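Breakdown of the fold
The chain contents come next:
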Amino acid sequence: MTDLSVSNIPALFPGRWSRHYAASKLRTDPLYTALARDLRDARLPLLDIGCGVGLSALFLRAHGIAFPIHGIDYDERKILSARSVADAAGISDATFARHDARGGLPEHQGNVCILDILQFFDAGEQESLLRLAVTRVAPGGLLLIRSGIRDDSWRFKITVAGDLLAKASRWMKAAPTHYPAAADFQRILSPFGELEISPLWGKTPFNNHWIALRRR
Ligand SMILES: C[S@@+](CC[C@H](N)C(=O)[O-])C[C@H]1O[C@@H](n2cnc3c(N)ncnc32)[C@H](O)[C@@H]1O
């Protein structure tokens, strides 16, 4: 077991910009805390779809949460960064692979998370990804999603602007394509188990929500 703590995660990243990004995400965004809260007692492996630079794996390990984690992302740079930072942190049982989720998902049975990536998919692709992700969740397991939700709020407008900025700064390879509404999650996911949707924006101005499906 590593002696990794949340406060020393940013220093693991090379370069000022990525250290600053990691520090500010961990300080202001309640995303990783929600993930750790819901998976605190989990034993099943986690598939992290669109894992980015692997912050969720680091955060979970920093909380002593030890189940195997497999992260996939279509951005090669991010996968290389996730691997090298996980190595530097000395965390075990966390693997990362380049994989475009539009082309399907790896075999997996356990818990699944999809954090802040749905906006890059169009409506049809979102539905396909959600339906496929459910098949990777074991009975009694969790599908945990964080997504901006399309509605009439000022938060939604800021969410779109933030994603456009991430593309303009080339941090994200793609611009946002489509944002799901709460009713889309209800329609697609509620037949598979118990679904809860709640706000998860913390100190950010974004219209982010936490969508948790406990599979029957
Ligand atoms: C906003 S980042 C979120 C990263 C990570 N989930 C987190 O919350 O720390 C969105 C990620 O989705 C990835 N992504 C976008 N489209 C993808 C696709 N089709 N397949 C796999 N990853 C994708 C991007 O490369 C990026 O790393």
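Reading the values: rules and limits
- Residues numbered from 1 in each chain as written.
- Predicted model: local features only at pLDDT ≥ 70, side-chain atom pairs only at ≥ 80, totals over all residues.
- Pairing = 2+ DSSP bridges.
- Helix = DSSP H or I, 4+ residues; strand = E, 2+ residues; numbered from the N terminus.
- Axes fitted to C-alpha atoms, helices over the stretch in contact; angles between N-to-C directions.
- Contact = placed C-beta atoms within 7 Å.
- Near = placed C-beta within 6 Å.
- Nonpolar A, V, L, I, M, F, W, Y, C, P; charged D, E, K, R; others polar.

Focus: the sheet that holds strand 3 (residues 94-98)
Strands sit in the order 3-2-1-4-5-7-6 across an open sheet of seven strands; the sheet is mixed. If you trace the sheet from one side to the other, it starts and ends with strand 3 and strand 6 (193-199), each paired once. Strand-to-strand twist of the sheet, defined as the mean angle between neighbouring strand axes without regard to direction, takes the value 15°. When strand 5 (residues 142-148) meets strand 7 (residues 208-215), the two strands line up antiparallel, connected through seven bridges. Looking across to strand 7, one finds that isoleucine 145 is bridged to isoleucine 211. Docked against the sheet, helix 2 (residues 31-39) engages strand 1 (46-49), strand 4 (111-115), strand 5 and strand 7, running at close to 165° with respect to strand 5.

Structural notes on the site of the ligand
Every one of the 18 residues lining the ligand counts as a neighbour, but Gly50, Gly52, Asp75, Ala101 and Leu115 are closest to it. For the shell around the ligand, the residue count by class is eight nonpolar, three polar and seven charged.

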